[in-house]
2 protein chains.
Amino acid sequence: MTHEQLTVSVAIASWKNAVERADKVFRALTEDQYQHEIAPGRNRIIYLLGHLTAIHDRMHTILGLGERLHPELDGMFISTPDKAIEPLPPVSELTKFWTHVNSSLLEKFAALSPQEWLQRHTAMSDDDYAKDPTRNRLSVLLSRTNHASYHLGQIILAPQ
Amino acid sequence: MTHEQLTVSVAIASWKNAVERADKVFRALTEDQYQHEIAPGRNRIIYLLGHLTAIHDRMHTILGLGERLHPELDGMFISTPDKAIEPLPPVSELTKFWTHVNSSLLEKFAALSPQEWLQRHTAMSDDDYAKDPTRNRLSVLLSRTNHASYHLGQIILAPQ
């Protein structure tokens, strides 16, 4: 393994770890627990499941990995806050989307070369990238990994 | 900038971003708000400030960056849960430690070469590292970045 491959492997392992931790927490919840708020008046867990799925699905586009699987989620889970739209899709359906999106991403991550990870992401112009080359695919991956960890810290607080 | 330097820069930028976000949230809190629990019966914010400081300080040791600054924090903020030891040090003191620890780390991170980031961390044997070379300094950095994001997600939930 070259140094570059090793570095990318570490970043992908970190992503995988965050997704697997969230997955484990989600799988342990009952249907009823998904309706609980993480703290009084805050997001419900079902909303965070949809939100993480939508944000991860969007990575297909921003990383230039092909068509995303569930663009219909954005309206419910990104551009509107929790409780603005009811009813949300059932947990069983969202769980299926969550699993598909994450496995699709992992498969596509594995196909990128270290050099491709260092190329700019699609939400950036060539000019912006020339100014700041650290805003590349890898930085998007690390940012989304931290986003998953951020919400995972909240999900485990929901009353049982 | 070589590819390897660029990769390490992205990881350090991600760490810096997580620490700065937490720092901004901490600085906006009143003395009184530090005593709030992030959710009913859970950790108080003052505990998480000490906990993050202690975990970050330990990175000096695990990454082989020299003596840590505040080993006395571990007993209060890592090996015991919140509310087991009272009183905790004042917020003003913990804030000073938090700032010193993070600036010391950033300074030492900047002095490591990309190759050094890929070397094993001190909590691993040579044998273990040979089996899994992704368990290196860089993986510790990403793991601690996610740890900070995880608790940041909780801190912002505390009632104002």
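Calculation rules
Residues numbered from 1 in each chain as written. Chains lettered and ligands numbered in written order. Predicted model: local features only at pLDDT ≥ 70, side-chain atom pairs only at ≥ 80, totals over all residues. Heavy atoms only, no water. Least-squares fit on C-alpha atoms with pLDDT ≥ 70 in both. Contact = heavy atoms within 4.5 Å. Core = buried A, V, L, I, M, F, W, Y, C linked by side-chain atoms within 4.5 Å. Buried < 20%, exposed > 50% of the residue type's maximum accessible area, 1.4 Å probe, protein only. Helix = DSSP H or I, 4+ residues; strand = E, 2+ residues; numbered from the N terminus. Buried area = accessible area lost by both parts, 1.4 Å probe. Salt bridge = Lys/Arg side-chain N within 4 Å of Asp/Glu carboxyl O. Polar contact = N/O pair within 3.5 Å; in protein donor to acceptor, adjacent residues only side chain to side chain. Expected span 1.5 Å × (residues − 1). Arc of directions from axis to C-beta.

Student: Sorry if this is basic, but what is going on with the relation of the copies chain A and chain B here?
Tutor: The relation between the two copies of this chain is a rotation about an axis and a shift parallel to it. The operation relating chain A to chain B is a screw motion whose rotation component is 180 degrees, with 0.0 Å of axial translation and a residual RMSD of 0.0 Å. Taken together, the rotation and translation relating the two chain copies correspond to the operation of a two-fold axis. Closest to the rotation axis within chain A is the C-alpha of A:Tyr150, separated from it by 2.1 Å. Counting the interface residues of chain A, we find that 100% of their copies in chain B are interface residues as well, pointing to one common contact surface.

Student: Whenever I open this one, the nonpolar core confuses me. Can you help?
Tutor: One recurring pattern in soluble globular proteins is that nonpolar side chains are buried together. In this structure, A:Phe26, A:Phe109, A:Leu141, B:Phe26, B:Phe109 and B:Leu141 are the most contacted members of the largest nonpolar core, which totals 102 residues. When sequence neighbours within four positions are dropped, the list of residues in contact with A:Phe26 reads A:Tyr34, A:Ile45, A:Leu49, A:Leu52, A:Trp98 and A:Ile155.

Student: Can you walk me through the side chain of B:Ser14 in this structure?
Tutor: Of note, B:Ser14 is situated in helix H1 (residues 3-27). Among all residues touching B:Ser14, those that are not within four sequence positions of it are A:Leu142, A:Asn146 and B:Thr145.

Student: So what exactly am I meant to see when it comes to the interface of chain A and chain B here?
Tutor: When the parts of a complex come together, some accessible area is lost, and that lost area is often used as the size of the interface. Each side of the interface is counted separately: chain A has 32 residues, and chain B has 32 residues. A buried area of about 2,900 Å², summed over both sides, lies between chain A and chain B, and 69% of it is on carbon and sulfur atoms. For the chain A face of the interface with chain B, the top three residues by lost area are A:Val10, A:Tyr150 and A:Leu157, together amounting to 22%. Counting across the chain A and chain B interface gives zero salt bridges. One can count eleven residue pairs in polar contact (both at pLDDT 80 or more) joining chain A with chain B.

Student: Help me understand helix H4 (residues 91-111) of chain A, please; the structure alone is not making it clear to me.
Tutor: An α-helical turn contains 3.6 residues, so a residue and the one three or four places further along point in the same direction. Residue and element names in this part refer to chain A. The first and last C-alpha atoms of H4 sit 31 Å apart over 21 residues, in line with the 30 Å expected at 1.5 Å per residue. Among the residues making up H4, those that are buried are Val91, Leu94, Phe97, Trp98, Val101, Asn102, Ser104, Leu105 and Phe109. Projected down its long axis, H4 shows its buried positions confined to an angular sector of 165 degrees, all on one face. Residues of H4 that are exposed and angled more than 90 degrees away from the buried face: Glu107, Ala110 and Ala111. Those residues of H4 that are buried are in contact with helix H1 (3-27), helix H2 (45-62), helix H3 (74-77), helix H5 (114-117) and helix H7 (137-155).

Geometry only, nothing functional implied.
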